[in-house]
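# Inside the fold
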Amino acid sequence: MNATENPTRTPRTPRHMRLLMCPPEHFDVTYSINPWMDPAKPVDTGLAVTQWQQLVAVYRDLGHTVELIEPLPGCPDMVYAANGATVVDGRVLGARFRNGQRAAEGPAYLRWFRDQGYRDTRDPVEINEGEGDFLLAGPYLLAGTGFRSARASHAEAQEFFGRPVIGLELVDPRFYHLDTALAVLAPDLVAYHPAAFSAGSRAVLERLFPEAVLASPQDADVFGLNAMSDGRHVVLPEAATGLASQLAERGFQPIGVDLSELLKGGGSVKCCTLELRDAR
Ligand code: ARG
């Protein structure tokens with residue numbers, strides 16, 4: 001590849017990440033709260049655990065720190081740690097779930113943070129599903145709404161974190177959380193699936209991120225945007241091959257993983273990963 005095909009001449013610099021994850025020991029699909037979940041389809045919990053362990057190994061091989069929270073029986077979706085809270089500057093905004101089936105997870109995650117000594121924590125007033133709908137991109141907290149997190153949670157997050165919150169409207173039920181339709185690659189760069197957003201929100205994204213990577217519908221459909229980037233390495237579902245090439249062209253190093261069992265619950269790489277952004 002020559003320089004004109006690769007506009008990114010400067011090597012991308014990775015940052016060290018501290019991550020919280022929850023083993024899928026109790027993972028199952030016993031109810032349906034998103035279009036991907038079909039309780040009639042069998043789930044192989046053992047395979048889910050193996051695939052999840054491979055994701056943990058990828059993070060650790062990259063030098064990241066992975067902390068674990070104990071999974072609760074009766075909370076089959078608790079493996080999707082991204083939904084457990086939002087942590088910025090060491091401040092923790094707890095989650096409050098839209099669906100009763102996941103209600104117990106919010107307090108369980110908040111308890112973990114308090115047990116770990118986090119002092120600046122907030123019991124949320126408004127419905128918000130953690131980093132499923134809140135993604136930090138440079139100075140902005142990008143915030144999804146439309147299916148899960150309430151619009152009012154955006155104001156609550158802005159007040160709590162003191163960061164400008166950019167509200168984005170999701171319009172396709174298959175992309176019900178922001179992190180299923182948009183990935184933050186670097187502080188000033190995102191990848192997203194335009195069709196998942198309202199026209200106004202697409203215009204906002206174009207204005208904020210004119211260089212954004214636009215994912216194909218095929219890559220979005222295999223949850224390619226449910227990815228974790230450390231600024232250089234992007235861990236994403238291996239089926240998103242087109243997106244992986246787009247990322248490589250931009251100077252990132254894509255790392256594909258297979259989380260097919262966890263896709264049956266409507267989640268993948270990012271859903272299983274909560275970033276612990278400590279105070280600097
Ligand atoms: N079954 C879960 C739900 O519908 C999946 C959550 C996926 N998590 C995410 N961060 N998108 O709530």
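Residues numbered from 1 in each chain as written. Predicted model: local features only at pLDDT ≥ 70, side-chain atom pairs only at ≥ 80, totals over all residues.

Okay, the sheet that holds strand E11 (residues 213-214) next. What links the strands of a sheet is backbone hydrogen bonding, and the strands pair in either a parallel or an antiparallel sense. One open sheet holds the 3 strands; their spatial order is E9-E10-E11, and the pairing between them is mixed. At either margin of the open sheet sits one strand with a lone partner, and together these are strand E9 (182-186) and E11. Sheet topology places strand E10 (residues 189-192) next to E11; 2 bridges connect them, and they run parallel. Bridge assignment links Tyr192 to a residue of E11, and that residue is Leu214. (Pairing = 2+ DSSP bridges. Helix = DSSP H or I, 4+ residues; strand = E, 2+ residues; numbered from the N terminus.)

Okay, the site of the ligand next. Among the 16 residues in the neighbourhood of the ligand, the closest are listed as Tyr80, Gly132, His177, Gly267 and Cys271. Here the shell around the ligand is built from residues that sort into 5 nonpolar, 8 polar and 3 charged. (Near = placed C-beta within 6 Å. Nonpolar A, V, L, I, M, F, W, Y, C, P; charged D, E, K, R; others polar.)

With that out of the way, let us pick up the pairing of E10. The side chains of a regular strand alternate between the sheet's two faces. Here E10 shows a buried face lined by Leu189 and Ala191 and a second buried face lined by Val190 and Tyr192. In the sheet, E9 pairs with E10 via 4 bridges, with the strands oriented antiparallel. By the bridge assignment for E10, Ala186 is matched with Leu189. Taken together, E9 and the strand that follows it, E10, pair antiparallel across an intervening segment of 2 residues. Assessed by its sense of winding, the connection that carries the chain from E10 through helix H4 (residues 199-208) to E11 is right-handed. (Buried ≥ 20, exposed ≤ 12 C-beta atoms within 10 Å, placed from the backbone. Right-handed = clockwise from strand over helix to strand, strands pointing away.)

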